[in-house]
Amino acid sequence: MAAEIELVGSFAEEEECIHAVEALRRSGVEFRVFSPIPSEPLIHAIGRGLSPVRMFVLLGGISGVLTGIAVTVGTSWEWNLIVGGKPVVSWPPFIIIMFELMILFGGLSAALSFFFFARLPQLEPIPGYSERFGADRFGIAVECDEADSARIEAMMREAGAEKIAHEDPRPESAEH
Amino acid sequence: MTSQPQASREASRRPIAPQVVPGKADVCVSIPIVVVCSILTLIGVAGFIAGVMTETEPHAWEAFLCNFLFFFGVAQGGVVISAAFYLTQARWGGPGAYRLAESFYFFLPIAFVLFWVLFFGRAELWPWVTKPVAKNPTWLNTPFFFAREGFALLAMILLDFWFIRVSQRVDVRQWALSNDNIMMPPTAIRRLAPAVAITYAVVMSLIAFDLIMSLAPAWKSTLFGAFFFAGAFWSGIVAMALTAVILRGRLGAENLFTRDSVMHDLGKFTFAFSVFWAYTLFAQYIVIWYGDIPNETFFLVVRGALIGGPAGYTLYTPWMIPTWIVPVLVWVIPFTVLMGVKPKKTPAILGGVAFLGLIGMWLERYVLVVPSIEPRHIPFNWIEATITLGFLGIFGLCAIPGMKLTIAAAAAPQVLEAAER
């Protein structure tokens, strides 16, 4: 069902925003939150679990170690020469290559998966965003029907919303 | 101020910081501990005397030297950890964390006295005492050796005591308590903390070069001093973690160490500096391994640590087993076990890792000292055991005053409130 109206509540305090988020979650309303600061309690209130980025860092690290083994041991076998009285496959210096490729691959996959899961780059503003949400206000945007709007507005006001704007939801976001 | 309405509002909501600061309070020390430590000390003294009198090999002196290095390292490492807290303005545990790091400071003057016992065993320990090294007789000779070590230890310990006096001052403790502002630590401690850290690096390097490296005068490693003091720093951290785990159960329901966050911090410390120890170890190892120069590699060959030497095989020596147990206890176990959050917060696991870590550090000192004198067999017997117990006893007795302060600070309500945030 297409949303008819978009309510954007703005909050001066982190705690008020958290109260609103908790109230909205209790009544099962879908919403978007804007925060001017990275706020851990807020993330907690939204109920996001642990970031999936960490899994990608682990996978990147493991693939880095495997690449390190492949590069060092593989090239040594390919060019089977004894140098400096050391065995052809001599682990002490290989550990360094493995370690550094682990960090490189892990770091790169951290950066890439962060951009992916943070949905960056975001070239157009997300519906409901206003510039103050990047400066000194917290914001919550809810898309709902006319019928629900009064109830949701009351919920946000009770939590301490300063101001609640009514906006038209944009066509592409109407699928939510 | 107006740019941070959140912070100022929160500050005004809180009660004004309490003026009474936890510190010197009368804490009863249980009599059994004192008795046990005294008995251990007596056993150690008896074992040392018997060892010196009866044995033809220098067992007693070797055991004395490596125990001196280990226990001095723990006590001195603890003081430097406290200095590192001030340098990084670590106020996470309130004054409790500082007292915990400084718990063993009273052993330091005793260590200075114990150091002079080594004077009588010099001919048994250091080969250059009887056979001067042709290359540098001006550096390695008995008068200059004991003069510079004595001076370095004295300077270090006096500085430590000055530092700890200031660290226990009311204004400094007050600073550690109030962690809701970005105030700098009081000036005196701000000047002393880096002085302690720098002196530590210099003095511990000197001790490592002179007391350990000159046991095998042909061997040189520039990084050895840093390796030694990184290990001593880490042994201080694991001693803190173990003490915290023990006190957690003993102090009653509510104390600083029942806080998950404090356990978590200690776990992170143990994890991080174990990696640093492994880093300095590997940084030395790789250079010696790569260069393959006989007067560098012999130090590793004797200890069975050189893998993939000439022709790819490793020579067997009895020292191999203790040598390879050390990195397992000091790095492999802390690294793998303490990787997650849960094990760091579980006292039994953190305490177990810390206990194994202390054994590992003791073994590291043993492996650094003894094979230089007795390369062919491991001479461990009752003499080593009794001397180690004796050192443990003295260390335990010396820890009592510091432990009283730790207990008083850890159970104080203001510290608990400060650690809440």
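Residues numbered from 1 in each chain as written. Chains lettered and ligands numbered in written order. Predicted model: local features only at pLDDT ≥ 70, side-chain atom pairs only at ≥ 80, totals over all residues.

Right, let's talk about the overall build of chain B for a bit. Of the regular secondary structure elements, chain B holds 18 helices and zero strands. Over its C-alpha trace chain B gives a radius of gyration of 23 Å, about what one expects of a compact globule, namely 22 Å for 421 residues. Burial statistics for chain B: of 421 residues in total, 43% are counted as buried. Nonlocal contacts in chain B, meaning residues at least 24 apart in sequence, comprise 82% of its contacts between residues at least 6 apart. (Helix = DSSP H or I, 4+ residues; strand = E, 2+ residues; numbered from the N terminus. Rg over C-alpha atoms; globule rule 2.2 N^0.38 Å. Buried ≥ 20, exposed ≤ 12 C-beta atoms within 10 Å, placed from the backbone. Contact = placed C-beta atoms within 7 Å.)

Turning to the overall build of chain A, a few remarks are in order. On a plain count of helices and strands, chain A comes out with five helices and four strands. Secondary structure elements of chain A occur, N-terminal to C-terminal, as β-α-β-α-α-α-β-α-β. In summary, chain A has a C-alpha radius of gyration of 25 Å against a globular reference of 16 Å for 176 residues, an excess of more than 25%. Overall, the C-alpha framework of chain A stretches about 80 × 30 × 30 Å when taken along its three principal axes. Across the 176 residues that make up chain A, the buried fraction comes to 23%.

Another point: unusual backbone geometry. Pro121 of chain A follows Leu120 of chain A through a cis peptide bond whose omega is -5°. The topology assignment puts Pro121 of chain A in the loop between α4 (91–117) and β3 (138–144). In this structure, Arg119 of chain A is a non-glycine residue whose phi angle is positive, near 55°. Relative to the elements of secondary structure, Arg119 of chain A occurs in the loop between α4 and β3. On the basis of neighbour count, Arg119 of chain A is assigned to the exposed category, with 8 C-beta atoms found within 10 Å. Positive phi, close to 60°, is recorded for Asp292 of chain B, a residue that is not glycine. Along the chain, Asp292 of chain B falls in the loop between α12 (260–291) and α13 (294–302). The class of Asp292 of chain B is partly exposed, set by 14 C-beta atoms lying within 10 Å.

Domains assigned within chain A are domain 1 (5–49 + 127–171) and domain 2 (53–117). Taking only C-alpha atoms into account, the centre of domain 1 of chain A sits 45 Å from that of domain 2 of chain A. (Domains from an automatic or database assignment.)

It is worth spelling out the sheet that holds β3 of chain A at this point. Strands belonging to one sheet form pairs held by backbone hydrogen bonds; the direction of such a pair is parallel or antiparallel. Residues and elements named next belong to chain A. The strand order across the open sheet built from four strands is β2-β3-β1-β4, with neighbouring strands paired in antiparallel fashion. Here the strands that pair on one side only, and so sit at the sheet edges, are β2 (32–34) and β4 (163–167). Strand-to-strand twist in this sheet, taken as the mean axis angle between neighbours without regard to direction, amounts to 20°. Here three bridges tie β2 to β3, and the two strands are oriented antiparallel to one another. Looking at the pairing, Val33 lines up with Ile140 of β3. (Pairing = 2+ DSSP bridges. Axes fitted to C-alpha atoms, helices over the stretch in contact; angles between N-to-C directions.)

This next bit is on the nonpolar core. Core analysis: the biggest nonpolar cluster contains 117 residues, and Phe71 and Ala241 of chain B have the highest contact counts within it. A total of 20 residues in this core trace back to one element, the largest contributor, which is helix α3 (residues 59–87) of chain B. Among residues more than four places away in sequence, those in contact with Ala241 of chain B are Leu266, Thr270, Leu350 and Ala354 of chain B. Residues Val8, Val21, Phe34 and Ala159 of chain A belong to the second largest nonpolar core, which totals 23 residues. (Core = buried A, V, L, I, M, F, W, Y, C linked by C-beta atoms within 7 Å.)

Another aspect to go through is helix α5 (residues 146–159) of chain A. Because the α-helix completes a turn every 3.6 residues, residues three or four places apart line up on one side. Residue and element names in this part refer to chain A. Between its first and last C-alpha, α5 extends 21 Å over 14 residues, near the 20 Å set by a 1.5 Å rise per residue. Ile152, Met155, Met156 and Ala159 are the residues of α5 that are buried. One side of α5 carries all its buried residues, which in axial view fall inside an arc of 95°. Facing away from the buried surface of α5 by more than 90 degrees, the exposed residues are Glu146, Ala150 and Glu158. On its buried side, α5 packs onto β1 (5–11), α1 (14–26), β3 and β4. In the segment just after α5, Gly160 is the residue with positive phi, at about 115°. (Expected span 1.5 Å × (residues − 1). Arc of directions from axis to C-beta.)

Side chains on a regular strand alternate between the two faces of the sheet. Residue and element names in this part refer to chain A. Counting buried residues along β1, six of its seven residues qualify, which places the element largely inside the surrounding structure. Inspection of the sheet shows β1 paired to β3 by seven bridges, in the antiparallel sense. Opposite Val8, over in β3, you have Ala141 as the bridge partner. As judged from the five bridges shared by β1 and β4, these two strands associate in the antiparallel manner. Opposite Leu7, over in β4, you have His166 as the bridge partner.

Right, let's get into the environment of Ile383 of chain B. Residue and element names in this part refer to chain B. Secondary-structure assignment places Ile383 in helix α17 (residues 382–411). Since 23 C-beta atoms lie within 10 Å of it, Ile383 is described here as buried. In this structure, the C-alpha to C-alpha distance between Ile383 and Tyr105, residues 278 residues apart in sequence, is 27 Å.

Our focus in this paragraph is helix α2 (residues 31–54) of chain B. Residue and element names in this part refer to chain B. The terminal C-alpha atoms of α2, which comprises 24 residues, lie 34 Å apart, in line with the 34 Å expected from a rise of 1.5 Å per residue. Within the sequence span of α2, burial applies to Leu40, Gly44, Gly47, Phe48 and Gly51. In this fold, the buried residues of α2 make contact with α3 and α17.

Bringing the packing of α3 of chain B against α17 of chain B into the picture now. When two helices pack together, their arrangement is captured by the angle between the axes and the distance separating the axes. Residues and elements named next belong to chain B. For the pair α3 and α17, the least separation of the axes is 9 Å and the interaxial angle reads 35°. Once α3 is placed against α17, the crossing between them reads as right-handed. For the pair α3 and α17, the contacting residues are His59, Ala60, Ala63, Phe64, Asn67 and Phe71 in the first and Ile383, Glu384, Ile387, Thr388, Phe391 and Phe395 in the second. Looking at the contact of α3 with α17 residue by residue, the class counts come to eight nonpolar, three polar and one charged. (Left-handed = near helix turned anticlockwise from the far one by under 90°. Nonpolar A, V, L, I, M, F, W, Y, C, P; charged D, E, K, R; others polar.)

Let us now look at the environment of Val29 of chain A. Residues and elements named next belong to chain A. By secondary structure assignment, the location of Val29 is in the loop between α1 and β2. Classification of Val29 as partly exposed rests on a count of 17 C-beta atoms within 10 Å. Taking C-alpha positions, Val29 is 41 Å from Ser63, a pair spaced 34 residues apart along the chain. Not counting residues up to four positions away in its chain, the partners in contact with Val29 are Leu24, Val142, Cys144 and Ile152.

Quick look at the packing of α12 of chain B against helix α14 (residues 320–337) of chain B now. All names here are of chain B. Interhelical geometry of α12 versus α14 gives an angle of 135° and a closest axis separation of 9 Å. Our classification of the angle between α12 and α14 gives oblique. Considering how the two elements wind past one another, α12 and α14 form a crossing that is left-handed. Only Pro327, Val330, Trp331, Pro334 and Phe335 of α14 make contact with α12, whose side of the interface consists of Thr270, Phe271, Ser274, Val275, Trp277, Ala278 and Leu281. Its residues assigned to classes, the contact of α12 with α14 shows ten nonpolar, two polar and no charged. (Parallel < 35°, antiparallel > 145°, perpendicular 65-115°, else oblique.)

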